[in-house]
Amino acid sequence: MAIVMARGLRKTFRVADKQPGLAGTLRHLVNRRWQELEAVREVSFCIEPGEVVGFLGGNGAGKTTTLKLLSGLIHPSGGELEVAGHRPSRRQRGFLEAITLVMGQKQQLIWDLPPLDSLRVNAAVYGIDDRVARRRIAELAEMLELGEELTRPVRKLSLGQRMKAELLAALLHRPRVLFLDEPTLGLDVNAQARVRQFLADYNRSTGATVLLTSHYMADITALCPRVLLIHQGRLFYDGALAALRERLAPWREVRLELGQPISAAQLGRYGEIEQLDGAAVRLLISPERLTGALNQLLTELPVLDLEVREPPIEELIGRLFHRGSVEPLPQQQR
Amino acid sequence: MRGPRLPTWLRRHGVLWSVQFAYMAEYRVEIALWALSGVLPFIMLAVWSTAAVPDLGLSSAALGRYFLSAFVVRQFTVVWVVWQFEEDSIQGRLSPYLLQPLHPLWRYVAAHQAEQATRLPFVMLIITVFFLLQPASFGWPGVPRLLLGLLAVGLAFAINFLLQSLIACLCFWTERASALERLLTIPYLFLSGLVAPLQAFPPPLQHLALHTPFPYLIAFPAQLLAAEPMGAGQVFSLAGGFAAMGLWIALLLPLLVLLWRRGVRRYGAMGA
């Protein structure tokens, strides 16, 4: 039975529409105009217990709004929603004890006190016995590689340390469902990897269900076998990450710095030219042809520097929706 | 051997209070300044002592005790929930509070009580200095009056907190609920007894004031602590004062619950 179920979920916000300048300000003061903003439109999906699902989409696509709806932070304008057997907007105690929502750098830790003080508060709020709380803090701190940081004021911690302490605070009550909105935002590569590893370990050891948004493709590839793709409030894809990647990016991007400018005709033999700016070149090459094409490039052209990369998910999604075709992609059979 | 286990709600409030106290202690200098900034009753005492004023039926010592009591009551009934709630709402800090199985307003209650505890040494110091400078004003209200006075201070804090929380709830509709709080400052200052004892008011204004919650925020608890006479021919009667406080709490509490429920439905979790 699904632990998260959304059917025809909708959320509309009423936002003030203000034109710039003095005239706009006066009009806004006397005759305020409002417009309806459809942040989430008829979104439906189910998540089974223990699944780790990535929630993808550009800025303003509706990811965070959906997470807020799922966590009961905001009320839906329509549709059905059930999480851990509860209707989230009722925010019953059983529901609140079953979930957690971590929102990037928005913190619940008390800024001027050490994280341990905030953890004491959380333990009391969730009615966790002192001994149990101490044991859980020790376990989670070990997994997150947190030690002395727990007794230093939060304001003195680095961003990465704060994020790890934030996760510890959010997981102290052992939630069964984790909603994570950009949990690695702004962290350096090492800290990102540690948070990622922690989430994988936590999922494995507790069987918790995770729904995660991230702008870092590495988070999604490391953690999420399944992804949901949302754009302008609509769900466009629900299925395996590998299938989505193949569909969106059936190529790798190769950046070249050449010793001298080469003509487009000459470069076209190696792959599709994405950008040609003097001696700086960006080529798109399919994964099957990649090894051979790289060999050829290195032997046949005066290559000074070369980089192969998967395009960022933002870019892939951007390309998908700039094609003009925004029909939902076929769903994978689940 | 373990002692008796505290009820969960009390243990929870104890932890919240102690952590908030630690937080407030970080800002003890600021709190000392806040405490010192509440000297309006002493300024008013100076004004009322020197100006040609109508006979209030209070001796100079009693007037001194009243304004000192008003200062003490004010120190323990100060409520800043509107400002904090507004900031938390705008900054997105309210969202994690809403997702925990504890009503967010309890956090603010604990924060206020922790702040009151940090104010206590400064208040004691000011009381001591006051009686050293005006020994004639010294008077012991007696244990029953003192206990009733302390109860009235607690109830005054409760009324003020409920009133301000109602305004704070408007943050769910408008981001700047503190503007309304500023509007309330004027009737609060004049009708609460902070600027003048209620005896100084013309009878119609006194009558009007007694139908608002404001006199019960300062004047009634202050008169209790100052051991002023109550009952027939006086502004307050003991039973009437406590009954009015109970009524205001009974009126404001369900209003707050209702407004909170409606507000939370509108909450857009901005900044979060």
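Residues numbered from 1 in each chain as written. Chains lettered and ligands numbered in written order. Predicted model: local features only at pLDDT ≥ 70, side-chain atom pairs only at ≥ 80, totals over all residues.

Caption draft 1: Up close: the overall build of chain A. Secondary structure summary: chain A contains 12 helices and 13 strands in total. Here the C-alpha coordinates of chain A stretch approximately 70 × 55 × 50 Å along the principal axes. The buried share among the 334 residues of chain A stands at 38%. Intrachain contacts of chain A at a sequence separation of at least 6 include 71% that bridge at least 24 residues. (Helix = DSSP H or I, 4+ residues; strand = E, 2+ residues; numbered from the N terminus. Buried ≥ 20, exposed ≤ 12 C-beta atoms within 10 Å, placed from the backbone. Contact = placed C-beta atoms within 7 Å.)

Caption draft 2: Region of interest: the overall build of chain B. Looking only at helices and strands, chain B has 12 helices and 0 strands in total. When the helices and strands of chain B are listed from N to C terminus, the series reads α-α-α-α-α-α-α-α-α-α-α-α. For chain B, whose C-alpha radius of gyration is 20 Å, the value lies close to the compact-globule estimate of 19 Å for 272 residues. Taking the principal axes of the C-alpha coordinates as reference, chain B spans close to 55 × 50 × 35 Å. Looking at the 272 residues of chain B, the share that counts as buried comes to 39%. Within chain B, residue pairs in contact and separated by at least 24 positions form 80% of the contacts whose partners lie at least 6 positions apart. (Rg over C-alpha atoms; globule rule 2.2 N^0.38 Å.)

Caption draft 3: Seen up close, helix α1 (residues 8-25) of chain B. Residue and element names in this part refer to chain B. Its 18 residues place the ends of α1 25 Å apart at the C-alpha level, agreeing with the 26 Å of an ideal helix rising 1.5 Å per residue. What α1 keeps buried is the set Arg12, Leu16, Val19, Gln20 and Met24. The arc that holds the buried residues of α1, viewed along the axis, is 145°, so those residues lie on one side. (Expected span 1.5 Å × (residues − 1). Arc of directions from axis to C-beta.)

Caption draft 4: Region of the structure containing the interface of chain A and chain B. Of the residues lining the interface, 23 residues belong to chain A; the matching set on chain B comes to 22 residues. Here the side of chain A that touches chain B takes 5 residues from helix α4 (residues 115-125) of chain A, the largest share from any one element. Within the side of chain A that touches chain B, the residues separate by chemical class into 12 nonpolar, 4 polar and 7 charged. (Nonpolar A, V, L, I, M, F, W, Y, C, P; charged D, E, K, R; others polar.)

Caption draft 5: Local environment of the packing of helix α5 (residues 81-91) of chain B against helix α8 (residues 143-169) of chain B. Residue and element names in this part refer to chain B. One can describe the packing of α5 onto α8 by two numbers: an axis separation of 8 Å at closest approach and a directional angle of 30°. Put simply, α5 runs roughly parallel to α8. Crossing handedness for the pair α5 and α8: right-handed. Side by side, α5 and α8 meet where Val81, Val82, Phe85 and Glu86 of the first sit next to Phe161, Gln164, Ser165, Ile167 and Ala168 of the second. Its residues assigned to classes, the contact of α5 with α8 comprises 6 nonpolar, 2 polar and 1 charged. (Axes fitted to C-alpha atoms, helices over the stretch in contact; angles between N-to-C directions. Parallel < 35°, antiparallel > 145°, perpendicular 65-115°, else oblique. Left-handed = near helix turned anticlockwise from the far one by under 90°.)

Caption draft 6: Highlighting unusual backbone geometry. All names here are of chain A. Of note in this structure, glutamate 145 is not a glycine but carries a positive phi near 55°. With respect to the helices and strands, the residue glutamate 145 is situated in the loop between α5 (130-144) and α6 (159-171). Its identity is not glycine, yet glutamine 232 carries a phi of approximately 50°, on the positive side. Looking at the secondary structure, you find glutamine 232 in the loop between β8 (226-231) and β9 (234-240).

Caption draft 7: Examining the pairing of β8 of chain A more closely. All names here are of chain A. Among the 6 residues in β8, 5 count as buried, and that is most of the element. Bridge count for strand β3 (residues 52-56) against β8 is 4 bridges, and the pairing is parallel. In the sheet register, valine 53 faces β8, and the bridge partner there is arginine 226. Pairing of β8 with β9, which is carried by 6 bridges, proceeds in the antiparallel orientation. Note on β9: the bridge partner recorded for arginine 226 is alanine 240. (Pairing = 2+ DSSP bridges.)

Caption draft 8: Structural context of the sheet that holds strand β2 (residues 33-47) of chain A. All names here are of chain A. Spatial ordering of the open sheet is given by β2-β1-β4, a layout of 3 strands whose pairing is antiparallel. The sheet terminates laterally at β2 and β4 (78-83), the two strands that pair on one side only. On average, each strand axis in the sheet is inclined to that of its neighbour by 30°, with strand direction left out of account. As judged from the 11 bridges shared by strand β1 (residues 4-17) and β2, these two strands associate in the antiparallel manner. Residue pairing in the sheet places leucine 9 in a bridge with valine 43 of β2. Of the strands in this sheet, β1, β2 and β4 are in contact with helix α2 (residues 63-70), which crosses β2 at around 70°.

Caption draft 9: Fine view of the packing of α4 of chain A against α1 of chain B. Viewed as axis vectors pointing N to C, α4 of chain A and α1 of chain B meet at an angle of 160°, and their least axial separation amounts to 9 Å. In this view, α4 of chain A runs roughly antiparallel relative to α1 of chain B, as classed from their interaxial angle. Of the two elements, α4 of chain A crosses α1 of chain B, and the hand of that crossing is left-handed. Of the residues in α1 of chain B, those in contact with Asp117, Arg120, Val121, Ala124 and Val125 of chain A of α4 of chain A are Arg11, Arg12, Val15, Leu16, Val19 and Ala22 of chain B. Along the lines of polarity and charge, the residues of the contact of α4 of chain A with α1 of chain B split into 7 nonpolar, no polar and 4 charged.

Caption draft 10: Spatial organisation of the sheet that holds strand β11 (residues 272-277) of chain A. All names here are of chain A. Spatially, 4 strands are ordered β11-β12-β10-β13 in an open sheet, and the strand pairing comes out antiparallel. Because the sheet does not close on itself, it has two edges, and the strands there are β11 and β13 (303-309). Going from strand to strand, the sheet's axes swing by 15° on average, the running direction of each strand aside. Sheet topology places β11 next to strand β12 (residues 280-285); 5 bridges connect them, and they run antiparallel. Across the sheet, aspartate 277 pairs through a bridge with alanine 280, a residue of β12.

Caption draft 11: Representation of the confidence of the model for chain B. Overall, the predicted model of chain B reaches an average pLDDT of 87, with 94% of residues at or above 70. Note on the complex model: pTM 0.82, ipTM 0.82. (pLDDT = per-residue confidence, 0-100.)

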